[in-house]
Amino acid sequence: RIRVDPDRPAEFTLKLRIPGWARGATATVAGAPIATEERKRGYLEIRRRWAPGDLVTLDLPMPIERLYAHPEVRADVGRTAIKRGPLVYCFEHADNGGISLERARLPRNAALQHGSRPDLFDGIVSITGAGRVAAVADWADDLYRRSPPRDTGADLTAIPYYLWCNRGPGRMLVWIPEA
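Quick look at the structure, then. On a predicted model such as this, the values are computed, not experimentally measured, just so you know.

**Here's the deal with a nonpolar patch on the surface**
Taken together, Leu67, Val88, Tyr161 and Trp164 make up a surface patch of nonpolar side chains, about 310 Å² in accessible area. Looking at the secondary structure, you find Leu67 in strand β7 (residues 64-67). Under the relative-accessibility criterion, Leu67 is labelled partly exposed at 32%.

**Focus on the sheet that holds strand β4 (residues 32-34)**
What the four strands build is an open sheet, ordered β1-β6-β3-β4; its pairing is antiparallel. Two strands lie at the open edges of the sheet, namely β1 (2-4) and β4, each paired on one side alone. Direction aside, neighbouring strands of the sheet carry axes that sit 25° apart on average. Pairing analysis gives three bridges linking β1 to strand β6 (residues 54-59), with the strands arranged antiparallel. Residue pairing for β6: Arg3 is matched across the bridge by Leu55.

**Focus on the side chain of Asn96**
Checked against the element boundaries, Asn96 lands in the loop between β9 (87-92) and β10 (104-105). What makes Asn96 buried here is its relative accessible area of 3%. Only 2.7 Å separates the side chain of Asn96 from the backbone nitrogen of Thr157, close enough to count as a polar contact. Excluding residues that lie within four positions of it along the chain, Asn96 makes contacts with Phe91, Leu101, Asp155, Leu156 and Thr157.

**So, the environment of Asp5**
Within the secondary structure layout, Asp5 lies in the loop between β1 and β2 (10-17). With 35 residues separating them along the chain, Asp5 and Lys40 place their C-alpha atoms 24 Å apart. Dropping the residues within four chain positions of it, Asp5 is found in contact with Pro52 and Gly53. Of note is the side chain of Asp5, whose polar atom sits 3.1 Å from the backbone nitrogen of Gly53.

**Considerations on the pairing of β6**
Here strand β3 (residues 26-29) runs beside β6; their pairing, made up of four bridges, is antiparallel. By the bridge assignment, Ala27 is partnered in β6 with Leu58.

**Digging into the nonpolar core**
Membership of the largest hydrophobic core comes to 15 residues, with the highest contact counts inside it found for Ile82, Phe91, Ile99, Ala104, Leu106, Leu156 and Ile176. Secondary structure elements with two or more residues in this core: β9, β12 (124-134) and β13 (151-160). With three residues, β13 is the largest single contributor of residues to this core. The residues contacting Ala104, other than those within four sequence positions of it, are Ile99, Arg132, Val133, Leu156, Ile176 and Pro177.

**So, the environment of Ala135**
As for its position among the elements, Ala135 is in the loop between β12 and β13. Sequence spacing of Ala135 and Arg105 is 30 residues, and the spatial spacing of their C-alpha atoms is 12 Å. Dropping the residues within four chain positions of it, Ala135 is found in contact with Arg103, Pro149, Arg150 and Asp151.

Definitions and limits used
- Residues numbered from 1 in each chain as written.
- Predicted model: local features only at pLDDT ≥ 70, side-chain atom pairs only at ≥ 80, totals over all residues.
- Heavy atoms only, no water.
- Patch = residues over 30% accessible without salt bridge, like charges linked within 9 Å, V, L, I, M, F, W, Y side chains within 5 Å.
- Areas by Shrake-Rupley, 256 points an atom, 1.4 Å probe, with all protein chains shown as cover.
- Salt bridge = Lys/Arg side-chain N within 4 Å of Asp/Glu carboxyl O.
- Helix = DSSP H or I, 4+ residues; strand = E, 2+ residues; numbered from the N terminus.
- Buried < 20%, exposed > 50% of the residue type's maximum accessible area, 1.4 Å probe, protein only.
- Pairing = 2+ DSSP bridges.
- Axes fitted to C-alpha atoms, helices over the stretch in contact; angles between N-to-C directions.
- Polar contact = N/O pair within 3.5 Å; in protein donor to acceptor, adjacent residues only side chain to side chain.
- Contact = heavy atoms within 4.5 Å.
- Core = buried A, V, L, I, M, F, W, Y, C linked by side-chain atoms within 4.5 Å.

No statement about biological role is implied by the geometric values presented.
Below you can see the structure in the form of structure tokens.
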């Protein structure tokens, strides 16, 4: 929200930055919708006669999205990364109940939800979803088998990448295999 407060009514252009990741941005002035489709170089320009106390509201949606790397990036083939708005997320050992992240998979159809975590870093938004983990309990000393490993369900949690490794050593994944 931006309160425009000129000394007296005046006509001028207010330019609001709408980043490329903010698809579906909406804006209002004094509660009236403003068209956001026409932007100039990433800016929404609102030209009008402004009065003291005019309120501009800009909503930049931040849906959860999956990212995929170019197929020539061999290390990321069959993997996905999670982002929300401009933030890339990671799966950190500290948030995932001690499961081996190397054996974790995120099904392509897994619903992902975001939620507030006031207990973590003075408040963050984490992303959770139902994943799968390859089980090793019945493998004993076998190195190879003719059948694939069983897998079990696991609740997976991701936090913003910029926060990883702040709670002690542990594994982390940005690009998680899709199941």
